[in-house]
Amino acid sequence: MANIVFSTSKNGQKTCSANGTYLHSSYDPQKEANRFVESIKHDFIPQAIVITEPALSYCAAELRKKFSTIPLIAIRYDTSFKDTDFLWDLCIHYTQCNQLLNQLGEEILLSTIFLSWQPSQNAFVQEHKQTWSKIKSMLKTAQDILATRKFFARRWIKNVIKFCILTENTAQITKGDSPILIAASGPSLKTSLPIIKKNRKSFFLIALSSAYSTLISEEIVPDLCISTDGGYWAKRHIANCKIPLALSPESAASAQLLNRLQIIPLIYADAPESYLLNLCGFDSQQAKRNGTVSGTAAELALSITSGPVFACGLDLENNSKGFQHTQPNILELDKSINDYRLFPKEQRVFPSQLKNESLQVYQNWFSTRDSSFASRFFRLATNNYKFNNNLGNIASINWDDFSYITKNSCKSTIFPTIKTNQNKLPSRQERLSRIKDTLENLKKNLPEDLWISSLLPTDYLLYKRTNDFSKIEKNFALEIDFLGNFVKSLEQAI
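Residues numbered from 1 in each chain as written. Predicted model: local features only at pLDDT ≥ 70, side-chain atom pairs only at ≥ 80, totals over all residues. Heavy atoms only, no water.

## Regarding the nonpolar core
Part 1: Cys59 and Leu63 are the most contacted members of the largest nonpolar core, which has 47 residues in total.
Part 2: When contributions to this core are tallied by element, the ones reaching two or more residues are β2 (14–18), α1 (29–38), β4 (48–52), α2 (58–66), β5 (72–76), α3 (100–104), β7 (112–116) and α6 (125–166).
Part 3: Residues in contact with cysteine 59, not counting those within four places in the same chain, are Ala33, Phe36, Val37, Ile51, Pro54, Trp88 and Trp117.
Part 4: In terms of nonpolar packing, the next biggest core, distinct from the first, is built from 43 residues, Phe163, Leu247, Ile435 and Leu442 among them. (Core = buried A, V, L, I, M, F, W, Y, C linked by side-chain atoms within 4.5 Å. Buried < 20%, exposed > 50% of the residue type's maximum accessible area, 1.4 Å probe, protein only. Helix = DSSP H or I, 4+ residues; strand = E, 2+ residues; numbered from the N terminus. Contact = heavy atoms within 4.5 Å.)

In structure tokens:
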């Protein structure tokens, strides 16, 4: 705890010191803040300003004058200055600063000016070091996410269009109050399979797509499967699915599956897929986009029950002893076909035992959930399985704890219900026609931000930094032409 001493400056304004270091001028704190803000140089249009420990926040008013229309965010090292938190659009403690990626999104974060209030840097040495290390890591994660979006952009929007045209049998989930168990595919799932099977009737069971084959192999039939992965490999996880499937429109799915299964369309509020789903007449289930299907599943589960939510197999860590996923796993079965003496299974599996940055990103997401999330969400395994990582506010419990929590929090047991949508979808030809008209309008008119962000993620960053669409207009037109040709190919197929 820092030794904070408040005093009065020569001009009568309040000032203070921390651990013997003045955090503001002892003569004129406001003038000092003015000089600080005037010294800020930037060669792009910022989308936010983040400053580490501004103490008494004299710089807030000066920043507001210079950056009047963008969010101003303070990262606090000490709670002694909370009386000035109202001057900022957001204040966040340094231990939780990696939440900014979730709150701002990668585009805004990568167009943010990060500032350090120099006196605080000198007074809170360790806090400053930890904070800027987290900021660096967070920006690296944002860059990785943007690179992933760029790589998959075409595939995702093609999946959305295919979903909108080919899906026929849709449903929605009505809320209940029963416990919900989410089955992820981490190694710890294996230890719980006998208990899941024994207690199957006491909870609503959601299977992540990668865990579906494992559950079915044990004759455990989930109530719902969920997939949000746009990668081509995701098709394999759900190829043999025979239960209702919660599916985000950009997810990879075969035409046969879209025709065959009862689909719960997951809709994200801030993306073109929500526009296209509404355009084509779909009734959808609200969901939240996350970098991991387990995150989307967790928030979906919390939204469809007032009871507790548990997750098995949510290891989010590398397994030093073997497979990253509980077996059988459909991708492992596919790969094992090519195992042979000079390239055995052990050599193929070994890379999965090394550090996996994606797992770290997913772990960080769960670790930054607030107390309201953690009050109803728990990570679950048997007594003989010990997790090597920590998920922040989220408790890791065993099945005895499960019984205690469900007994004390569930007064009745009304399971969520999957109900077929009664509104009939427009014909495929009508849906296809509406999408073609949308693409034609996008060619003629300046598109909304969400279209640029979805089709050209990295170009969108340039656009927001310069506010000059002409620099990316040609690339956008090429993407629309590509999608137009894809729609024509679908039209011929149906």
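So much for the structure itself; the text now carries on.
## Re the packing of aromatic side chains
Aromatic ring pairs are described here by two measures, namely the spacing of the ring centres and the angle between the planes.
Part 1: Within the structure shown, the criterion is met by 21 aromatic pairs.
Part 2: Both rings, one in phenylalanine 152 and one in tryptophan 156, keep their centres 5.5 Å apart while their planes meet at 10°; by these two values the pair is stacked. Taken together, the residues span about one helical turn, with phenylalanine 152 and tryptophan 156 both in helix α6 at a distance of four residues.
Part 3: Its relative accessible area of 22% is what places tryptophan 156 among the partly exposed residues.
Part 4: Residues phenylalanine 366 and phenylalanine 377 carry aromatic rings whose centres are separated by 5.8 Å and whose planes lie at 25° to one another, so their mutual orientation is stacked. In this pair, phenylalanine 366 is assigned in helix α15 (residues 357–367) and phenylalanine 377 in strand β16 (residues 377–380), connecting sequence segments eleven residues apart. (Phe/Tyr/Trp six-rings, centres within 6.5 Å; stacked < 30°, edge-to-face > 60°.)

## Topic: the packing of α1 against α2
Part 1: Relative orientation of the contacting elements α1 and α2 amounts to 40°, with a least axis distance of 8 Å. With respect to each other, α1 and α2 are oriented oblique. α2 is crossed by α1, and the crossing has right-handed handedness. Here Pro29, Gln30, Ala33, Asn34, Phe36, Val37 and Glu38 of α1 lie close against α2, whose contacting residues are Tyr58, Cys59, Glu62, Leu63 and Lys66.
Part 2: Residue composition of the contact of α1 with α2, by class: seven nonpolar, two polar and three charged. (Axes fitted to C-alpha atoms, helices over the stretch in contact; angles between N-to-C directions. Parallel < 35°, antiparallel > 145°, perpendicular 65-115°, else oblique. Left-handed = near helix turned anticlockwise from the far one by under 90°. Nonpolar A, V, L, I, M, F, W, Y, C, P; charged D, E, K, R; others polar.)

## So, the environment of phenylalanine 482
Part 1: Structurally, the position occupied by phenylalanine 482 is in helix α21 (residues 473–493).
Part 2: Residue class for phenylalanine 482 comes out partly exposed when judged on its relative accessible area of 26%.
Part 3: A sequence separation of eleven residues divides phenylalanine 482 from alanine 493, and the C-alpha atoms of the two residues are 17 Å apart.
Part 4: Once you skip the residues sitting within four places of it in the chain, phenylalanine 482 turns out to touch Arg154 and Lys158.

## Topic: the environment of cysteine 91
Part 1: You can see cysteine 91 is positioned in strand β6 (residues 90–93).
Part 2: As a C-alpha pair, cysteine 91 and valine 50 span 41 residues in sequence and 9.6 Å in three-dimensional space.
Part 3: The residues touching cysteine 91, leaving out its near neighbours within four places in the chain, are Ala74, Arg76 and Asp85.

## Comments concerning the environment of asparagine 389
Part 1: Position of asparagine 389 among the secondary structure elements: in the loop between β16 and β17 (395–397).
Part 2: Along the backbone, asparagine 389 and glutamate 430 are 41 residues apart, and their C-alpha atoms lie at a distance of 51 Å.
Part 3: Those residues within four positions of asparagine 389 in sequence are excluded, and the remaining contacts are Asp315, Leu316, Glu317, Gln363 and Arg379.
Part 4: Here the side chain of asparagine 389 touches aspartate 315 through a polar contact of 2.9 Å, landing on its backbone oxygen.
Part 5: Within the structure, the side chain of asparagine 389 is placed 3.1 Å from the backbone oxygen of leucine 316, a separation counted as a polar contact. (Polar contact = N/O pair within 3.5 Å; in protein donor to acceptor, adjacent residues only side chain to side chain.)

## A short note on the pattern of salt bridges
Part 1: Applying the stated rule across the entire model yields 19 salt bridges.
Part 2: Between arginine 149 and glutamate 106 there is a salt bridge; the shortest N-O distance is 2.7 Å. Taken as a pair, arginine 149 in helix α6 and glutamate 106 in helix α4 (residues 106–109) lie far apart in primary sequence, 43 residues in all. There is no split in this pair, since arginine 149 and glutamate 106 are both buried.
Part 3: Glutamate 107 is paired through a salt bridge with arginine 149; the nearest N and O atoms lie 2.8 Å apart. You can see glutamate 107 sitting in helix α4 and its partner arginine 149 sitting in helix α6, a full 42 residues away along the chain. Of the two residues, glutamate 107 and arginine 149, both sit in the buried class.
Part 4: Through salt bridges with shared partners, a single ionic network connects Glu53, Arg76 and Asp85. (Salt bridge = Lys/Arg side-chain N within 4 Å of Asp/Glu carboxyl O.)

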